[in-house]
Amino acid sequence: MDTNKNIIDLKQTEQSYIDAIKSQPNDFEPYFNLGKFYAEHGDVKAALKVLNNAYKIDKENPQLLELIGDLLLNDRQSGQAILAFKKWTQLEPKSSKAHNFLGEALIKQNLITNSITVYKKAIQLDSQNDIAYINCATALAKLGDHILAEEYFNKALKLNTENFYYSNYFLAQNYRDDVGPEKIYKESVDWGNSITDTKQIKNVSFNNIVDKSRRIRIGYVSSHFMLHSGSYTTIPLLKNHNTEDFEIFCYNDNDYNDAITADHKKLTHHWTEVSAWTDEKIEEQIRKDEIDILVDLHGHAGKNRLQIFANRSAPVQITWLGYPNTTGIPEMDYRLVDANTDPDNARANALASEKLVRLPEIFICYDPLRPTPKVSQLPCIKNDFITFGSFNNYCKLTDTTFRLWAEILREVPKSKLIIKNLSFIDTVVKRNCLKIFENLGISHERLMLVSHTRSLMQHLGLYAQMDISLDPYPYHGTITTCESLWMGVPVITLQGDHHRARVSSSILKCIGLEDFVAKSEDEYIQIAKQWSMSTEKLSELRSVLRQKVKSSTLNNAAKFTNNLEKVYRQLWSVWCKKS
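## Points about the overall build of the protein chain
Next, step 1: Scanning the protein chain for helices and strands turns up 26 helices and 13 strands.
Next, step 2: Here the C-alpha radius of gyration of the protein chain, 25 Å, is about what a compact globule of 579 residues would show, namely 25 Å.
Next, step 3: Across the 579 residues that make up the protein chain, the buried fraction comes to 55%.
Next, step 4: In the structure as shown, the protein chain presents an accessible area of about 25,500 Å², 48% of it carried by carbon and sulfur atoms.
Next, step 5: Where the 70 positive side-chain charges of the protein chain centre and where its 71 negative ones centre are 3 Å apart.

Structure representation (structure tokens):
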């Protein structure tokens, strides 16, 4: 391709639209065409500026409202996008597509119940609208209505077998306390086999130099190189990689970049923006870069690119960090865990399509990245009552979790519970949560439900109101657990029999807090009661907890990275030996 000619052609096209506007300043079409041109080439600000001029000329053009709303949504201006999509639905009340777009904007604002209503309307208008079914299912799962969510997931999957539909479904299954790992494993493997072309894979070959001692090329694939929970691990990792032995490539699958994105980019040898690329183009680039070890940082969470792993894009392929279960993909060679999250036994190994590789001590590291508040005094000293709390996602709050938390509040006189969650922006969700506790015998006065804070400092500052954190079950917290410990608040967790229900126990054991790990529901409640009566010990622990984190491998990024690099070297050696 002649790049210079392409640039000249684009400039000429842009100029022709600008000239048309100059000659027809009151016509809608030239503005709309130029706005579309900018949108197609990723210049969102320029596109919105021009399209706003088009809107002044014609305020009732559905195509224009769709384009403006879509741009606003992708630019994280979902509040403004709602206004555009609402007007579109008013102009075209029988448009299923318009209602689905409105639902997507509402969910971005955490107006979950409203979004479900709108998605159902989209489905009513078009029973074949698969994207509305999958969006509705995902929204229902956010509310914890997993039975109805599964019904909508099944309807979506009958209409369309898109990979991300299955990923949304698998992720939602992990939040359920009535679904075991065996079911998730079987369904994941069935899906993984269905997207893998075994004949094609057999013909895949690599030009990578077979030398176990040479500098290894590591490729990380993620859409979360930004302010996201995964960054609390990836930033310290990239800072500490041995760049003499490892050459680092990052494939950024997100067109939204922030200051944390810039931090990732600075720490990487090769940075490639791939959000607008097809899977095939990414695979081609990875092979061109001669990546030795390709690392998926998503699993079935978020915007993943599991297909490029199913198509065998690199000699060694690893999944890690973003998802608490198997991918089910036969070409995914390894999954990084530790001996606490996944004990080395027949059952754990049998429930992973990948070979489980257990990192020493712990499978993640944690760095708060930005300045954080000082650890506060234990609040129960001045309150004269214990405040429990959890800042985990609402979809993790299962029937089991609510029941255990209510029992703890009943067992600990005068105690209160603070729950912080963006889902509480939706007043219906907040009201439903209060109703759940009321049905379990807990009055509203004992609960504090917080929807959001303006900054990370304010978010972490809320831990000053909490004496003890309560982990949800079965899907434990990860970075939420780390944050609580960093702020001096110990976490009580119920350890289960699979990775999703063992992450917090791994973190706690890493920093020497095994006493906060319960092996049964009764023990979970008893630990809460015992520590509630031991305020002096609780206060002493609070004062040293941050230092405990700092002294552990959890916060020792250099040690953690060295452990991981040894694993990379070992896995590369295995491939070299086979080749």
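## Quick notes on unusual backbone geometry
Next, step 1: The step from Tyr473 to Pro474 runs through a cis peptide bond, and the omega angle for that step is 10°.
Next, step 2: Despite not being glycine, Glu290 shows a phi value in the positive range, around 55°.
Next, step 3: Residue placement: Glu290 occurs in the loop between helix H15 (279-288) and strand S4 (293-296).
Next, step 4: Phi at Leu369 is positive, roughly 70°, even though this residue is not glycine.
Next, step 5: Mapped onto the elements of the fold, Leu369 is located in the loop between strand S7 (355-359) and helix H18 (380-383).

## Some points on helix H2 (residues 28-40)
The periodicity of an α-helix, 3.6 residues per turn, causes residues three or four places apart in sequence to face the same way.
Next, step 1: Taking 1.5 Å per residue as the helical rise, H2 with its 13 residues ought to reach 18 Å, and the 18 Å between its terminal C-alpha atoms agrees with that figure.
Next, step 2: Of all the residues in H2, the buried ones are Phe28, Pro30, Tyr31, Phe32, Leu34, Gly35, Phe37 and Tyr38.
Next, step 3: Phi for Gly42, located one or two positions after H2, is positive at around 80°.

## Observations concerning the environment of Trp277
Next, step 1: Topologically, Trp277 is positioned in the loop between strand S3 (270-273) and H15.
Next, step 2: Here the alpha-carbon distance between Trp277 and Leu485, two residues 208 residues apart in the chain, equals 40 Å.

## Let's talk about the packing of helix H19 (residues 399-411) against helix H24 (residues 521-532)
Next, step 1: In contact at an axis separation of 10 Å, H19 and H24 are set at 40° when each is read in the N-to-C sense. In terms of axis orientation, H19 runs oblique to H24. With respect to the hand of their crossing, H19 and H24 are arranged in right-handed fashion. Facing Thr400, Arg403, Leu404, Trp405, Glu407, Ile408 and Glu411 of H19, the residues of H24 in contact are Glu521, Tyr524, Ile525, Ala528 and Lys529.
Next, step 2: Here the contact of H19 with H24 is built from residues that sort into six nonpolar, one polar and five charged.

## Looking at the sheet that holds strand S12 (residues 491-494)
Next, step 1: In space, the six strands of this open sheet follow the order S10-S9-S8-S11-S12-S13, with parallel pairing throughout. Unpaired on one side and paired on the other, strand S10 (447-450) and strand S13 (517-518) mark the two borders of the sheet.
Next, step 2: As paired strands, strand S8 (residues 387-390) and strand S9 (residues 416-420) are joined by four bridges and run parallel to one another. Residue pairing for S9: Phe388 is matched across the bridge by Leu417.
Next, step 3: Packing of helix H20 (residues 427-439) onto the sheet brings it into contact with S9 and S10, and relative to S10 it is tilted by some 160°.

## Regarding the sheet that holds strand S5 (residues 316-319)
By way of backbone hydrogen bonds, the strands of a sheet pair with one another, either parallel or antiparallel.
Next, step 1: Read across the open sheet, the seven strands follow the order S3-S2-S1-S4-S5-S6-S7; overall the sheet is parallel. Strand pairing shows two members of the sheet lacking a second neighbour, S3 and S7, which therefore form its edges. Along the sheet, successive strands turn relative to each other by an average axial angle of 25°, direction set aside.
Next, step 2: Sheet analysis places strand S1 (residues 216-222) next to S4, joined by four bridges and oriented parallel. Within the sheet, the bridge partner assigned to Tyr220 lies in S4 and is Val295.

## A word on the side chain of Glu247
Next, step 1: The topology assignment puts Glu247 in strand S2 (residues 246-252).
Next, step 2: A polar contact is formed between the side chain of Glu247 and the side chain of Arg217, at a distance of 3.3 Å.
Next, step 3: Among the polar contacts made by the side chain of Glu247, one reaches the side chain of His270 at a distance of 2.5 Å.
Next, step 4: If sequence neighbours within four positions are ignored, Glu247 has contacts with Arg215, Ile216, Arg217, Ile218, His269 and His270.

## Details of the pairing of S12
Next, step 1: Alternating residues of S12 divide into Val491 and Thr493 and Ile492 and Leu494, and every residue in both groups is buried.
Next, step 2: Here two bridges tie strand S11 (residues 468-470) to S12, and the two strands are oriented parallel to one another. Within S12, the position partnered with Ser469 by the bridge is Val491.
Next, step 3: With helix H22 (residues 479-486) bridging S11 and the parallel S12, this β-α-β connection has right-handed handedness.
Next, step 4: Where S12 lies against S13, two bridges are found, and the strand directions are parallel.

## Re the pairing of strand S6 (residues 334-338)
Next, step 1: Counting buried residues along S6, five of its five residues qualify, which places the element largely inside the surrounding structure.
Next, step 2: Burial along S6 is two-sided: Tyr334, Leu336 and Asp338 facing one way and Arg335 and Val337 facing the other are all buried.
Next, step 3: The pairing of S6 with S7 spans five bridges and is parallel. Directly across from Val337, in S7, lies its bridge partner Arg358.

## Some thoughts on the pattern of salt bridges
Next, step 1: In the structure shown here, the tally under the stated rule is 27 salt bridges.
Next, step 2: The salt bridge involving Arg370 is made with Asp263; its shortest N-O contact spans 3.1 Å. Taken together, the positions of Arg370 in the loop between S7 and H18 and Asp263 in helix H14 (residues 259-266) put the pair 107 residues apart, joining distant regions of the chain.
Next, step 3: With relative accessibility at 35%, the residue Arg370 sits in the partly exposed group.
Next, step 4: Between Arg305 and Asp279 there is a salt bridge, with its nearest N and O atoms 2.8 Å apart. In this pair, Arg305 is assigned in the loop between S4 and helix H16 (306-310) and Asp279 in helix H15, connecting sequence segments 26 residues apart.
Next, step 5: Residue class for Arg305 comes out buried when judged on its relative accessible area of 11%.
Next, step 6: Taken together, the shared-partner salt bridges connect Glu150, Arg176, Asp178, Lys183 and Glu187 into one network.

Scoring rules and cut-offs
- Residues numbered from 1 in each chain as written.
- Predicted model: local features only at pLDDT ≥ 70, side-chain atom pairs only at ≥ 80, totals over all residues.
- Heavy atoms only, no water.
- Helix = DSSP H or I, 4+ residues; strand = E, 2+ residues; numbered from the N terminus.
- Rg over C-alpha atoms; globule rule 2.2 N^0.38 Å.
- Buried < 20%, exposed > 50% of the residue type's maximum accessible area, 1.4 Å probe, protein only.
- Areas by Shrake-Rupley, 256 points an atom, 1.4 Å probe, with all protein chains shown as cover.
- Lys, Arg positive; Asp, Glu negative; His and termini not counted.
- Charge placed at Lys NZ, Arg CZ, Asp CG, Glu CD.
- Expected span 1.5 Å × (residues − 1).
- Axes fitted to C-alpha atoms, helices over the stretch in contact; angles between N-to-C directions.
- Parallel < 35°, antiparallel > 145°, perpendicular 65-115°, else oblique.
- Left-handed = near helix turned anticlockwise from the far one by under 90°.
- Contact = heavy atoms within 4.5 Å.
- Nonpolar A, V, L, I, M, F, W, Y, C, P; charged D, E, K, R; others polar.
- Pairing = 2+ DSSP bridges.
- Polar contact = N/O pair within 3.5 Å; in protein donor to acceptor, adjacent residues only side chain to side chain.
- Right-handed = clockwise from strand over helix to strand, strands pointing away.
- Salt bridge = Lys/Arg side-chain N within 4 Å of Asp/Glu carboxyl O.

That's the geometry; what it means functionally is another story.
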